[in-house]
2 protein chains.
Amino acid sequence: MATIDKVLAAIDADLDASLARLFELVRIPSVSTDPAHDADCRRAAQWVVDQLAGLGFEASARDTGGQPMVVAHGGAARGPGVPHVLFYGHYDVQPADPLDLWETPPFEPRLVETATGRQIVGRGASDDKGQFMTFVEACRAWISATGNLPIAVTVLIEGEEESGSRSLGPFLEAHKDELRADLALVCDTGMWNRETPAITTMLRGLLLEEVIVTAASRDLHSGMFGGPARNPIRVLARIIADLHDETGRIQVPDFYDGVSELDEDVRRQWQELGFDAGGFLADVGLSIPAGEAGRSVLEQIWSRPTCDVNGIIGGYTGEGTKTVIPSRASAKISFRLVGDQDPLRIRESFRGFVRDRIPADCSVEFIGHGASPALTVDMSRPEFARCAEALAAEFGRPAVMMGCGGSIPIVGDFKRTLGMESVLIGFGLDDDRVHSPNEKYELSSYHHGTRAWARVIGALAGSV
Amino acid sequence: MATIDKVLAAIDADLDASLARLFELVRIPSVSTDPAHDADCRRAAQWVVDQLAGLGFEASARDTGGQPMVVAHGGAARGPGVPHVLFYGHYDVQPADPLDLWETPPFEPRLVETATGRQIVGRGASDDKGQFMTFVEACRAWISATGNLPIAVTVLIEGEEESGSRSLGPFLEAHKDELRADLALVCDTGMWNRETPAITTMLRGLLLEEVIVTAASRDLHSGMFGGPARNPIRVLARIIADLHDETGRIQVPDFYDGVSELDEDVRRQWQELGFDAGGFLADVGLSIPAGEAGRSVLEQIWSRPTCDVNGIIGGYTGEGTKTVIPSRASAKISFRLVGDQDPLRIRESFRGFVRDRIPADCSVEFIGHGASPALTVDMSRPEFARCAEALAAEFGRPAVMMGCGGSIPIVGDFKRTLGMESVLIGFGLDDDRVHSPNEKYELSSYHHGTRAWARVIGALAGSV
C-alpha cells in the first residue's frame, strides 16, 4: 500500500473524530471585531495551540495589540532538500447577527442532511475554521500513518482576519526569520464548483471606512424644527447616492487609477469556464447584475473594483415611530480594489469626496478600518503544478485557476515582507453563506479537503 | 379676597405637593409606541384615573384597540348657562433613547437649578405629562378653595398621541354624545417665549410612513457578491436623495396640492414678532436654514410642509466592520403637512414615487403609521378673547396668536367629529428638548401654567 494511500485511509477512518474536533472549535464564538468576544478569541487561539501541540508541533499563542496569533513549527526537520511551507488560516469569525435568521444557534454546530449531501452548519464552519482544519487534519493523518510529515511545516493562524488584520503586518515584520518558508499555503478560498477544485490566482484588495455625520447638537422634534433643521440622514443618503453614477461607475475622483482592462487570454479563459451568471444571482434571489454596465458578472466579481455600504444607522430604529430629526447618522462603507489601486490614496480621495458634500454647519468624522491592495499570484513556480496535480488526483478533474472577489491581505504581506509566493487552495462553495446566517461547509468539502491537503503535502515532498 | 385670588393662593401653597404628584406620573415609562411598555401605559392611565376620581370626577380608563383612554366627568353640574369644556392631553411619551445622552435617568424626574430658574427634567416632563397636569392641578385648586369648579369639565387623556393616535378617531365616533362639549381645551403646545403666553391657531398635519427595501434573499459577502449584487441601502439612499431637489422642494408628485401662500396680514404679523431665526438654530448647534430656499425660518416651521427621515437602518451597525451586502434596509419617513394637503393622497403618491425607484429584482414593503391633515383654528369665538385675557392677566403681557410646526390630530377630530372648536394653550418652551434626551419643563411653566388655567376656568365661567 503506497504511503499516500495509508494516509488517505487514516483520514477516512478518523472522519467522525475529526468532525468532533471541528465542532469543538466552532462552539467558541471567536468574533474578533467585537471586544465583548476577546476572551473567546483567546480561547479559540489556545484550542488551536493545544491541537498542534498534540501533533508534536512546538506551538504557542503570541500576544499582539489585538487578538493573539498562533504560531507552530513541526514536521520534518528543516534542512537542505526539505521543503518548508508556511500554512496560513484564521480562527476568528464574522459576527453572527442577524441572529433571528439562523435556523439553529450559530455557535452550536450540527450536521444537516440535504439533497446534495451532509452539511456542517454554524458560524465559521466554512470561513475559516472548517477550511484551516482540513490542513491540520491532513497533518494529523500523515503523522498517525507514517509517524511524521514529509515536509517542514510552520503554521500561522491569526485572529483578526475578519476585522482588518491590524496586528498581522507588524507581527510578520517582527518575526520575519521565524516565519519565512519556501512557500505559503493559504486555505481561505473556494472551489470552482461542487465537483471542481481550484487554485485562486487573483484577489481583490479592501478598503474599509466608517463615516459619521453630525448636524444638530441634539436630536430634534421634527414638528418644532422640521424644515429649517438639517437632517444628517439626508446628508448621508445624498453622499451614498452620489458614490455611483447611473452606469454603476464609482464617482470618487481618481478611483480607477491603476485599474487595467482584463488580459485577453484571461478573458477568453473565463468565458470558457461557462460561468452561470443567472444561476449565481438566482441562488440569492436576484436576477439583474447591479455592477458596472457592460461588464460580465464574473468580471464584476473578479476583476472590477466596487464600493458598497455594509451598514447604515441613524435616528429612531425601534418599533413604531418617533418624529425626530437625529443629531447624527453613520455608515460603514467598503471598497473592493483591483490591479494597482492604492488604498491609501483612495481613502484620502473618498474622504475629500465626502467632505465636499458636508454642509457648513455639519461635521463629519471618519474611522479607517483597514486598507489592503489587490494581488495577483505568480503561477510560474513549479509547486503550482504539483498542487494542481494533487487536487486533480483527489477530485478526478483538473483544477481551475480562478479569480476571487474577496480579499486576503496576508498574501500581499507574505510577498512584500517575506518574499514568499502563496498557493491559495480552499474548498468553500459559493452557497456556503459565508458572513451570512446559517453558514455551512459541505461535509464533502471537509473530507475531500483534508484528503486533498494530504496529497498536496505528499506532492510537495516530492517536489525537490 | 376675590375667589380667583383664593384659588391662586391655593396653587401657590400646594406647589411642592403638586410637583410630587407630577414626579409620580413621570416615573411611569408610558412609551406608547413600544409594546414592551404596554403595561406601563395601563399604569399611567390608571394613575390619572385615580387622581381625577380623588377630585370627585367620575373617572375611568376605557379599553381601546391600543392604549387605554382616560375619560372623566366633573365640576359644575351641566345645564343651561353652565359652560362645559372638554379638556384634552396625553399620558404617553416618546421613547427615551438614545439613553446614553441623558444626564440623569429619563424616568427618574428631578428638579435642576439653572441660571434661568429651576427645571423639571425627565421624559414627559413637558410633553405632555407636565402640560396636562397644569390643568388637573388648576381644577384641584378650584375645588380645594371653593368646593367645586365653576364650569362643567370633561377630561380626555389619551395614550397614543406619540404613536399616531390610532384609537382616537373610532373612540370619538363611538362616544360622540358623552364627549361633546361647548369648547375643547388642549394643552400640548408652547408659549411664544419664556415671558410671553400664546394661543396656537395653526397646526401642521402629519403623515408617517415606514419603507422596507429587500434585495437578495439573504445577507451576502461583499467579496463574493460585491459588484453584481444589488445593495438595498444604496437603493434606499437614492430614494431619500431624490425626495428633495437642491432648493429643498419636495419631489413627490402633487405633494404641494393644497398648499397656499401665506396670507399677507399673517406674514406681516409674523414679521413683527421679531423671531430670532439665528438664535433658534444656534441653540441647537446649527446656522444655515435647511428648508425651502427663499422662505423664512418661521414660515418653514409654521406654514410650509416638510419631508424628513426620522430613522434608517440596514446591514451591520455594531462595532468594527462586517463586509456584508445586506438583504434589506428600512427607513421611517414623515411628512409635516399644511393647508389642505390630503395625507392619504400624498401617501399613495409617495408610495408610487418609491416604487418607481425599486429595481425589478428588489421588493418594497410599506407600513403606514398614521395620517392627519393640517388645521387652522377659527378664532372668532368669544371664548378665545376670554382665554387670551386670562393668559395676559397671569403673565402681564398679551398672548401671541401663533402657528405651530407640530401636529395635534385630535383638534381636527374634535372639529370634524364633535363639531367643536379647540383653544390650544400650553406652556412649553422651544428649548424643552421635547422628544430629545434631557427633556425638561420649566418649574415656572408648571406653576404659572397651573395658575393660568385657574384663571381661564374662571374667565370661562363668566363667559355666559
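We now turn to the structure provided with this report. This is a predicted model, so every value here is computed, not measured. (Residues numbered from 1 in each chain as written. Chains lettered and ligands numbered in written order. Predicted model: local features only at pLDDT ≥ 70, side-chain atom pairs only at ≥ 80, totals over all residues. Heavy atoms only, no water.)

## Details of the nonpolar core
Counting residues in each nonpolar core, the largest one holds 103 residues, and the members touching the most others are Ile333(A), Phe335(A), Phe350(A), Ile333(B), Phe335(B) and Phe350(B). The contacts of Ile333(B), once residues within four sequence positions are left out, are Leu207(B), Leu208(B), Glu209(B), Val211(B), Leu243(B), Cys307(B), Asp308(B), Val309(B), Asn310(B) and Phe350(B). Ala181(A), Phe384(A), Ala399(A) and Phe414(A) belong to the second-largest nonpolar core, a separate cluster that totals 90 residues. (Core = buried A, V, L, I, M, F, W, Y, C linked by side-chain atoms within 4.5 Å. Buried < 20%, exposed > 50% of the residue type's maximum accessible area, 1.4 Å probe, protein only. Contact = heavy atoms within 4.5 Å.)

## Quick notes on the sheet that holds strand S9 (residues 205-214) of chain A
In space, the 8 strands of this open sheet follow the order S14(A)-S9(A)-S13(A)-S11(A)-S11(B)-S13(B)-S9(B)-S14(B), with antiparallel pairing throughout. Each having just a single partner strand, strand S14 (363-372) of chain A together with strand S14 (363-372) of chain B make up the two edges of the open sheet. Taking each pair of neighbouring strands and ignoring which way they run, the sheet shows an average axis angle of 20°. Where strand S11 (residues 306-315) of chain B lies against strand S13 (residues 328-337) of chain B, 8 bridges are found, and the strand directions are antiparallel. Among the inter-strand pairings, Thr306(B) is bridged to a residue of S13(B), identified as Arg336(B). Across the face of the sheet, helix H12 (residues 343-355) of chain A comes into contact with S9, strand S13 (328-337) and S14 of chain A while running at roughly 160° to S14(A). (Pairing = 2+ DSSP bridges. Helix = DSSP H or I, 4+ residues; strand = E, 2+ residues; numbered from the N terminus. Axes fitted to C-alpha atoms, helices over the stretch in contact; angles between N-to-C directions.)

## Some points on the pattern of salt bridges
Scanning the entire structure with this criterion turns up 70 salt bridges over all chains. One salt bridge in this structure joins Arg194(A) and Asp431(A), with 3.2 Å as the shortest N-O distance. Taken as a pair, Arg194(A) in the loop between strand S7 (183-186) and strand S8 (198-203) and Asp431(A) in the loop between strand S17 (422-425) and strand S18 (440-442) lie far apart in primary sequence, 237 residues in all. According to the relative accessible area criterion, Arg194(A) is partly exposed, its value standing at 29%. A salt bridge links Glu261(B) to Arg304(B); its shortest N-O distance comes to 3.6 Å. Note that Glu261(B) is positioned in the loop between helix H8 (232-242) and helix H9 (264-272) and Arg304(B) in the loop between helix H11 (297-302) and S11, a separation of 43 residues in sequence. (Salt bridge = Lys/Arg side-chain N within 4 Å of Asp/Glu carboxyl O.)

## A look at the sheet that holds strand S5 (residues 117-121) of chain B
Residue and element names in this part refer to chain B. In space, the 3 strands of this open sheet follow the order S4-S5-S18, with antiparallel pairing throughout. Each edge of the sheet is formed by a strand with only one pairing partner; in this case those strands are strand S4 (110-114) and strand S18 (440-442). Going across the sheet, the axis of each strand differs from the next one's by a mean of 35°, ignoring polarity. Bridge count for S5 against S18 is 3 bridges, and the pairing is antiparallel. Looking across to S18, one finds that Ile-120 is bridged to Tyr-441.

## Here we look at unusual backbone geometry
Note that the residue after Asp127(A), namely Asp128(A), is joined by a cis bond; omega there is 0°. Checked against the element boundaries, Asp128(A) lands in the loop between strand S5 (117-121) and helix H4 (129-146). Residue Asp97(B) is joined to Pro98(B) through a cis peptide bond whose omega torsion reads 0°. Along the polypeptide, Pro98(B) turns up in the loop between strand S3 (84-90) and S4. Backbone geometry at Arg433(A) places phi at a positive 55°, although glycine is not the residue there. If you trace the backbone, Arg433(A) turns up in the loop between S17 and S18. Even without a glycine there, the phi angle at Asp254(B) is positive, about 60°. You can see Asp254(B) is positioned in the loop between H8 and H9. With a relative accessible area of 51%, Asp254(B) lands in the exposed category.

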